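Okay, here's what each chain looks like letter by letter:
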Amino acid sequence: MSRGDLATRVRAGDRRALARAITCVERGGPAAAALLDAVYGASGQAHTIGVTGPPGAGKSTLVDRLISELRGKQRSVAAIAVDPTSPFSGGALLGDRVRMMRHFADSGVFIRSMATRGHLGGLAPTTREVIHLVDAAGYDAVLVETVGVGQAEVDIASAAMSTIVVLVPGQGDAIQALKAGVMEVADLFVINKADHPGAGRLRAEVEGMLRLSMPERVPPIVQTVAATGAGVAELLAELDAHRAWLNGRERLLELRRRAAAAEVREALGERLARRALAALPDAGEWLERLARRDVAPSAVLAAAEQALFRAGDGESALVDARHPTP
Ligand SMILES: Nc1nc2c(ncn2[C@@H]2O[C@H](COP(=O)(O)OP(=O)(O)OP(=O)(O)O)[C@@H](O)[C@H]2O)c(=O)[nH]1
Ligand SMILES: [Mg+2]
């Protein structure tokens, strides 16, 4: 199948083509870039929803319930689980896929796991691109689960329309986590495991902090028991309300501007870094000297920058970096 056919089939909502396209994008290189170019115009319609929070908070269980809730309203949904890489297998954890197996027979549901492969932050290097693909395939909602406290929330918030931060009672770090820039990026808070003691108190604490720091817009706080599905209908109603609010005035456009800026900056950063390190003679030696404190960090940066510019004008550096030799 040619690349053009694959893009056409993705845009037509063909699930098998979508799975193949994601694999292609994860592999990278010129084929991935061409495929993304061919579907990009069709993306931007789905309600992209980030679901993030500490390990074990119940994110996958919640996503599973949200899928059911959305399907009950005849809405199609794609779920992407961005897992931490297991140091033993090097692959994505299987648990989420097993759990969601019951949705696999449903043609209105698409589920995919991807590994972060040690990438900093909560997103895999290609998560944004995979979101574009799934979005272009015409799903009404795209749920993206990422693990983490801190950078993960900030990253997913720059890639999704609505960001849900999941907290659970009895975790001492929940309130602590809110101080690390997370509060600003959450559009919605979920207090999951509300069947555990302390849910009401955690809610009051979160609400108190939000009122203090952002009195003009306190995000909704929804209590859920993902294990039973309690509160999930309310959560979806809040998500719909947030989407409707975004649709007002220029908000969605502003959000897209920020997402585009984050995406370009991230991709450029990675490509330029790869290119600069490849162009720097004795890069390994420079890093060794840096580790030994024989040189200052700024000296290494300056050398890498000079090597990058020596390697050619800015344009050719970017084109070459798009087609890295393996
Ligand atoms: N009591 C109770 N248990 C829950 C609830 N939601 C999820 N769990 C359980 O909590 C455990 C972790 O749930 P997951 O959905 O895997 O959590 P997660 O946040 O996706 O975990 P990671 O992806 O590993 O970070 C599982 O054993 C769930 O059954 C809840 O509302 N109440
Ligand atoms: Mg999970």
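Just above sits the structure.
A short tour of the structure in this document, coming up. This structure is a prediction, so every number in the text was calculated from the model and none was measured.

**A short note on the environment of Gln74**
Part 1: Position of Gln74 among the secondary structure elements: in the loop between helix H4 (59-72) and strand S2 (77-83).
Part 2: Residue classification places Gln74 among the exposed positions, given a relative accessible area of 66%.

**Re the sheet that holds strand S6 (residues 188-191)**
Part 1: Strand order in the open sheet formed by 7 strands is S3-S2-S4-S1-S5-S6-S7, and the pairing between neighbours is parallel. Edge positions in the open sheet fall to strand S3 (109-115) and strand S7 (221-223), since each of these has one partner strand only. Across this sheet, the average inter-strand angle for adjacent strands is 20 degrees, counted without regard to direction.
Part 2: For strand S1 (residues 47-53) and strand S5 (residues 162-167), the ladder comprises 4 bridges, and the chain directions are parallel. Note that in S5 the partner of Ile49 across the bridge is Ser162.
Part 3: Packing of H4 onto the sheet brings it into contact with S1, S2, S3, strand S4 (141-147), S5 and S6, and relative to S4 it is tilted by some 175 degrees.
Part 4: Helix H9 (residues 199-213) rests against S5, S6 and S7 of the sheet, and its axis sits at about 175 degrees to S7.

So, how was this worked out
Residues numbered from 1 in each chain as written. Chains lettered and ligands numbered in written order. Predicted model: local features only at pLDDT ≥ 70, side-chain atom pairs only at ≥ 80, totals over all residues. Heavy atoms only, no water. Helix = DSSP H or I, 4+ residues; strand = E, 2+ residues; numbered from the N terminus. Buried < 20%, exposed > 50% of the residue type's maximum accessible area, 1.4 Å probe, protein only. Pairing = 2+ DSSP bridges. Axes fitted to C-alpha atoms, helices over the stretch in contact; angles between N-to-C directions. Contact = heavy atoms within 4.5 Å.

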